[in-house]
Amino acid sequence: MDENHYDDEKISATFLELMKYAGANDQATINDALYQAIDGLLRQVLQNRVTIDGLRDECKTLFLNVSEDLLQLQTDIAALIDVATQASEDYHKVRRELEDHYRKCALYTLDQQAQAYIDKTQGY
């Protein structure tokens, strides 16, 4: 026999002893007490089931909300990456334009200095 069966027998025997000690000597009184105890336990089980079902529904709702929030966050992150990529491309384009402009300015300045030197050395 398994251990639980032995425990169940012990509990039943203890319950019957307590019922007899309480003055319930006839089987009808004992059966009624058993019925009341079982009925109370079943009501508690049903109440717990309703509570568990409610919690399960709340968890489903929370999971759906979190899933929607994560999808929105993913969309937002993708949009931010696009903006950052475009900003990076714009930055590099402007940087190249500025480098080209400064290079032209530097060449123009060198040209002007060279011309000034030529003019000076030729006596203009």
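These numbers were taken from a predicted model, which means no experiment stands behind them. (Residues numbered from 1 in each chain as written. Predicted model: local features only at pLDDT ≥ 70, side-chain atom pairs only at ≥ 80, totals over all residues. Heavy atoms only, no water.)

*Asks:* Please set out the overall build of the protein chain residue by residue, giving values where relevant.
*Replies:* When helices and strands are tallied, the protein chain shows 2 helices and 0 strands. Within the protein chain, the fraction of its 124 residues that count as buried is 2%. Put simply, the protein chain shows about 11300 Å² of open surface, and 60% of that area lies on carbon and sulfur atoms. (Helix = DSSP H or I, 4+ residues; strand = E, 2+ residues; numbered from the N terminus. Buried < 20%, exposed > 50% of the residue type's maximum accessible area, 1.4 Å probe, protein only. Areas by Shrake-Rupley, 256 points an atom, 1.4 Å probe, with all protein chains shown as cover.)

*Asks:* Lay out helix H2 (residues 27-122) with the relevant residues and their values.
*Replies:* Across its 96 residues, H2 extends 138 Å between first and last C-alpha, which sits within 8% of the 142 Å expected from 1.5 Å per residue. One or two residues past the end of H2 sits Gly123, with phi positive at roughly 85°. (Expected span 1.5 Å × (residues − 1).)

*Asks:* So what about the pattern of salt bridges? Which residues, and what values?
*Replies:* Taken as a whole, this structure holds 5 salt bridges when the rule is applied. Between Arg56 and Asp53 there is a salt bridge, with the nearest N and O atoms lying 3.0 Å from each other. With a gap of 3 residues between them, Arg56 and Asp53 both fall in helix H2, about one helical turn apart. Take Arg56: its relative accessible area is 44%, and that puts it in the partly exposed class. Across the salt bridge formed by Arg95 and Glu99, the nearest N and O atoms sit 3.1 Å from each other. One end of the pair is Arg95 and the other is Glu99, both in helix H2 and 4 residues apart, which spans about a single turn. Look at Arg95 and you get partly exposed, because its relative accessible area is 36%. Judged by relative accessible area, which is 37%, Glu99 ranks as partly exposed. Through salt bridges with shared partners, one network takes in Arg49, Asp53 and Arg56. (Salt bridge = Lys/Arg side-chain N within 4 Å of Asp/Glu carboxyl O.)

*Asks:* Any chance you could break down a nonpolar patch on the surface for me, citing the residues and the numbers?
*Replies:* A cluster of nonpolar side chains, contributed by Val66, Leu70, Leu73, Ile77 and Ile81, occupies part of the molecular surface with about 460 Å² of accessible area. Examined against the element boundaries, Leu70 turns out to sit in helix H2. Take Leu70: its relative accessible area is 52%, and that puts it in the exposed class. (Patch = residues over 30% accessible without salt bridge, like charges linked within 9 Å, V, L, I, M, F, W, Y side chains within 5 Å.)

By themselves, these figures tell us nothing about what the structure is for.
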